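Fold and contact review
Read off the chains here:
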Amino acid sequence: MSEFIIELKKVSRYFGSVIAIKDIDMKVKLGEVHCLLGDNGAGKSTLIKTLAGVHAPSDGEYLFEGKPVVFESPVEALDSGIATVYQDLALVPLMSVTRNFFMGREITKGRGIFKRFDIETANQIAQKGMAEMGINVRDPSQAIGTMSGGERQCLAIARAIHFGAKVLILDEPTAALGVKQSANVLKVVAKAKARGLAVILITHNVHHAYPIADRFTLLNRGQSLGSFMKSEVSREDVLEMMAGGQELDELTAELEEFSRLDATA
Amino acid sequence: MTDQTQSVDLSKMAEDKSREEKSAGDERVRKVPTWKRLLHRPEFGAISGALLVFVFFFITAGDSGMFASDGIINWTTVSAQLGLIAISACLLMIAGEFDLSIGSMIGFAGMMMTIPAVYWGWPIWGAILFAFAGAMLIGFLNGYIVVKTGLPSFIVSLAFLFMLRGLTIALSILFTNRTIVGGIDKYADGDWLAAVFGGVIGKSLFTWFANIGLISSYDDGTPVVEGIPMVIVWCVFLAVVASWVLLRTKYGNWIFATGGDDKAARNVGVPVDKVKISLFMFTAFTATVYAACQVFEFGSASADRGVLKEFEAIIAVVIGGALLTGGYGSVIGACFGALIFGVVQMGIFFTGIDSDWFRVFLGAMLLIAVLFNNYIRKKVTEARH
Ligand SMILES: Nc1ncnc2c1ncn2[C@@H]1O[C@H](COP(=O)(O)OP(=O)(O)O)[C@@H](O)[C@H]1O
Ligand SMILES: [Mg+2]
């Protein structure tokens, strides 16, 4: 088996005349956080939807555990162990923590026509799974609409981990969150990594990405600017590549502040 | 906040957070009083509404015979008929769809069992099974069109409302030259399946009740209430089964998920289309049970049976606490909604109030229920930032 759980070779995806991503090469390793960086419209969401089985690649090769695969649907990818937490979360606000946790994978007890959703056990598992991610769920039967955005992200992640995901894909998990909640979500990401999962993290916030990432892939206008190990690039390099040489004025100011910060740290 | 302070805060916050967690324990758990938890149950409104309605008619119509044994059977039967279709409409609404063709289906299904039995000489049980199969096939078609086209079920089932009503009248005239087809009672006697819909149960129990004077009897000694009509038995049975399925099974979780957010549900592998189609078939099934109970009670089918019943069912479901937008609701609530409906309808009859007031009451009830549900939904999903 290959050293990488996911490998993309020159993968492209077109929508009619729109080239959303073009000739992307990417390698994802277990136990690593792989950050996908890029500005709005760079093709990040399209790329992970291709990984997650939502879109089939228009071109190129997708290897999973060393073998070429074509996922027909997100469910197929999920069954192989690729779990995605979408920007729009894939959770149902009106349903309880437990019902969301087990949605589509309900555990049952009893037989024949008495086969039923084992809510008691499910409650315990959901509560435990969340606790392992550092979230205390007071009442697993509470609607998740009452939880904060960060807690919901953590629920989605805890669910993926519980159901044996090998690859966890997170699409801008911190985009709508405050500082404290972002920190929580990033901590959960670190826990997932510590458990040996491969995490693909999308963000356009370098400050969220840099502390936690092991590897970066930079996208710009649908094309890859390459993948880098953290040891190969500094925060400034990453920022510069993301901006693609544009808006340099703002950038220079920002960079100066970083160097000041790094000097004092 | 500028970016560099943000990155500083981030690590500091993470520390704060872990400290907080170690000492967290239970101080974040606020005790919620039981009454407040009850208030947040979807069926709360309907149950308390039903209590109010009972108290009202107990005071205003207590001595009118409304609460005598035959009076009770009377409004229970009316409520149970509506309850039958409200149960299925409720599950469908929780799954995020409507079926406006329920009422027309009642008329159509009645004809589907009566014409073959009376005019074509089919055995009654065969005609009944034919009606169930036909209705559920139409329910399937209704659901299939909704899920495949992605059109609102409101429109698709509205089309079925008109087509089925038109077909009921046209076909009954074509085959029988009339719109009320009677005479099925002659054939129904002794048919095992007809008894499941037309009869009553507990005959001997009620005779005994009459003998010991618990309920009154006619001059010839037969009790005023012969037994419990099968429609009530069906309603209670389906309410228990549907509620159990909704709250306690995998499929029930899929119903909530489908109506709550069908994209999210699909992404985790919930067979959303199958859930919806099966629930359209279930509404057709309950409409047929309704039709069968009426056909064997009256001994006839009529092309105008079930007119406006789809709206009454939706009103009962909404009074029962379901959200029109899907994802939330209760079968028990819907049954209490139907009970309010039946009690008020018959109560107005017993008190002699002009029945126009019934409609005013219904409209007002619906409005109050929607406002109340909306408030509860906000409470339930109130996000803390
Ligand atoms: N389903 C689609 N149909 C047509 N164009 C699409 C579709 N999805 C994405 N695109 C286009 O592909 C490009 C990349 O989008 P996206 O992957 O969402 O970027 P990002 O997530 O990096 O902001 C955009 O120009 C977008 O308009
Ligand atoms: Mg995006």
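Looking at an unreviewed UniProt entry, one finds chain B named Xylose transport system permease protein XylH and attributed to Marinomonas alcarazii. What the UniProt record of chain B gives under Sequence similarities (unreviewed entry) is the line "Belongs to the binding-protein-dependent transport system permease family. AraH/RbsC subfamily." Under the Function (unreviewed entry) heading, UniProt states for chain B: "Part of the binding-protein-dependent transport system for D-xylose. Probably responsible for the translocation of the substrate across the membrane."

The name an unreviewed UniProt entry gives chain A is Monosaccharide ABC transporter ATP-binding protein (CUT2 family), with Marinomonas alcarazii as the organism.

**Looking at the overall build of chain A**
Within chain A, the regular secondary structure consists of nine helices and twelve strands. Since a compact globule built from 265 residues should have a radius of gyration of about 18 Å, the 19 Å found for chain A is in line with a globular shape. Each of the three principal axes of chain A carries a C-alpha extent, and together these read 65 × 45 × 35 Å. Within chain A, the proportion of its 265 residues that are buried is 53%. Sequence separation of at least 24 residues holds for 64% of the intrachain contacts in chain A that already meet a minimum separation of 6. When the accessible area of chain A is evaluated, it comes to approximately 11100 Å², of which 50% is carbon and sulfur surface. One way to put it: in chain A the 30 positive side-chain charges average out to a point 9 Å from where the 33 negative ones average out.

**Topic: the overall build of chain B**
In terms of helices and strands, chain B carries 17 helices and four strands. Dimensions of chain B along its principal axes, counting C-alpha atoms only, are 90 × 50 × 35 Å. Burial status across chain B gives 50% buried among its 385 residues. Put simply, 76% of the contacts in chain B that link residues at least 6 apart link residues at least 24 apart.

**A closer look at the packing of helix α4 (residues 69–94) of chain B against helix α14 (residues 272–298) of chain B**
Residues and elements named next belong to chain B. The contact between α4 and α14 brings their axes to 8 Å, and the two run at 175°. By the angle between their directions, the pair α4 and α14 is classed as roughly antiparallel. Contact residues: Gln81, Leu82, Leu84, Ile85, Ile87, Ser88, Ala89, Leu91 and Leu92 in α4; Lys276, Leu279, Phe280, Phe282, Thr283, Thr286, Ala287, Val289, Tyr290, Gln294 and Glu297 in α14. Looking at the contact of α4 with α14, its residues break down into 13 nonpolar, five polar and two charged.

**Some details on the side chain of serine 101 of chain B**
Residues and elements named next belong to chain B. Considering the arrangement of structural elements, one finds serine 101 in the loop between α4 and α5 (102–119). A polar atom in the side chain of serine 101 sits 3.3 Å from the side chain of asparagine 142. The contacts of serine 101, once residues within four sequence positions are left out, are Asn142, Ser157, Phe160, Leu161 and Leu164.

**Some details on the pairing of strand β2 (residues 18–28) of chain A**
Residues and elements named next belong to chain A. Pairing of strand β1 (residues 6–15) with β2 involves seven bridges; the strand directions are antiparallel. Across the sheet, tyrosine 14 pairs through a bridge with isoleucine 19, a residue of β2. Hairpin connection from β1 to β2: two residues lie between these consecutive antiparallel strands, with glycine 16 at a positive phi of about 60°.

**Side note on the site of ligand 1**
All names here are of chain A. Lining the immediate surroundings of ligand 1 are Phe15, Ala20, Asp39, Asn40, Gly41, Ala42, Gly43, Lys44, Ser45 and Thr46. Here serine 45 contributes a side-chain N or O atom positioned 2.7 Å from an oxygen atom of ligand 1. Calculation on ligand 1 without its partners gives an accessible area of 560 Å², and the protein chains cover 59% of this total. Looking at the shell around ligand 1, the element that brings in the most residues is helix α1 (residues 44–51), giving three residues. Grouping the amino acids of the shell around ligand 1 by side-chain chemistry returns three nonpolar, five polar and two charged.

**So, the environment of aspartate 171 of chain A**
Residue and element names in this part refer to chain A. Note that aspartate 171 resides in strand β9 (residues 167–171). Given a relative accessible area of 3%, aspartate 171 falls into the buried group. For the pair formed by aspartate 171 and serine 45, sequence separation is 126 residues and the distance between their alpha carbons is 7.0 Å. Among the polar contacts listed, one links the side chain of aspartate 171 to the side chain of serine 45, at a separation of 3.1 Å.

**So, the pattern of salt bridges**
For the coordinates displayed, the defined rule picks out 17 salt bridges over all chains. A salt bridge links aspartate 118 of chain A to lysine 109 of chain A; its shortest N-O distance comes to 3.7 Å. Among the salt bridges present, the one from aspartate 273 of chain B reaches arginine 266 of chain B, with a minimum N-O distance of 3.2 Å. You can call arginine 266 of chain B partly exposed: its relative accessible area is 38%. Residues joined by salt bridges that share partners form a network here, namely Glu97, Lys148, Asp262, Arg266, Asp273 and Lys276 of chain B.

**Remarks on the nonpolar core**
Within the largest apolar cluster, 113 residues are counted, with the highest numbers of intra-cluster contacts made by Phe57, Ile87, Met113, Ile128, Phe197 and Phe296 of chain B. For this core, the element with the most residues is α14 of chain B, which contributes 14 residues. In this structure isoleucine 87 of chain B touches Cys235, Leu238, Ala239, Ala242, Phe282, Val331 and Cys335 of chain B, once residues within four positions along its chain are discounted. The next biggest cluster of nonpolar side chains, apart from the first, holds 51 residues, and it includes Cys35, Ile119, Ala158 and Leu170 of chain A.

**Some words on the packing of aromatic side chains**
What characterises a pair of aromatic rings is the spacing of the ring centres plus the angle enclosed by the ring planes. Residue and element names in this part refer to chain B. On inspection of all chains with the given rule, the structure shows 27 aromatic pairs over all chains. When the centroid spacing of 6.5 Å and the interplanar angle of 50° are considered together, the rings of phenylalanine 54 and phenylalanine 67 count as tilted. Here phenylalanine 54 is found in helix α3 (residues 44–61), whereas its partner phenylalanine 67 is found in the loop between α3 and α4, with 13 residues between them in sequence. A residue is classified by how much of its surface remains accessible, and phenylalanine 54, at 22% relative accessible area, is partly exposed. Ring centres 6.4 Å apart and planes at 80° place the aromatic pair tryptophan 234 and phenylalanine 237 in the edge-to-face group. Pair noted here: tryptophan 234 and phenylalanine 237 are both in helix α11 (residues 230–248), with a separation of three residues, about one helical turn.

**What about the environment of isoleucine 24 of chain A?**
Residues and elements named next belong to chain A. With respect to the secondary-structure elements, isoleucine 24 resides in strand β2. A relative accessible area of 0% means that isoleucine 24 is categorised as buried. Through-space distance from the C-alpha of isoleucine 24 to that of aspartate 214 is 19 Å; in sequence the pair is 190 residues apart. In this structure, isoleucine 24 is in contact with Leu8, Lys9, Lys10, Val11, Leu47, Leu219, Gly222, Gln223 and Ser224, ignoring residues within four places of it in sequence.

**Comments concerning the state of the cysteines**
All names here are of chain B. Per the counting criterion, the structure on display carries zero disulfides over all chains. Among the cysteines around cysteine 293, which has no disulfide bond, cysteine 235 carries the closest sulfur, lying 10.0 Å off. In this structure cysteine 293 comes out as buried when scored by relative accessible area, which is 3%.

Thresholds applied
Residues numbered from 1 in each chain as written. Chains lettered and ligands numbered in written order. Predicted model: local features only at pLDDT ≥ 70, side-chain atom pairs only at ≥ 80, totals over all residues. Heavy atoms only, no water. UniProt positions renumbered as here; feature names shortened; annotations may be inferred. Helix = DSSP H or I, 4+ residues; strand = E, 2+ residues; numbered from the N terminus. Rg over C-alpha atoms; globule rule 2.2 N^0.38 Å. Buried < 20%, exposed > 50% of the residue type's maximum accessible area, 1.4 Å probe, protein only. Contact = heavy atoms within 4.5 Å. Areas by Shrake-Rupley, 256 points an atom, 1.4 Å probe, with all protein chains shown as cover. Lys, Arg positive; Asp, Glu negative; His and termini not counted. Charge placed at Lys NZ, Arg CZ, Asp CG, Glu CD. Axes fitted to C-alpha atoms, helices over the stretch in contact; angles between N-to-C directions. Parallel < 35°, antiparallel > 145°, perpendicular 65-115°, else oblique. Nonpolar A, V, L, I, M, F, W, Y, C, P; charged D, E, K, R; others polar. Polar contact = N/O pair within 3.5 Å; in protein donor to acceptor, adjacent residues only side chain to side chain. Pairing = 2+ DSSP bridges. Near = heavy atom within 4 Å. Salt bridge = Lys/Arg side-chain N within 4 Å of Asp/Glu carboxyl O. Core = buried A, V, L, I, M, F, W, Y, C linked by side-chain atoms within 4.5 Å. Phe/Tyr/Trp six-rings, centres within 6.5 Å; stacked < 30°, edge-to-face > 60°. Disulfide = S-S within 2.5 Å.

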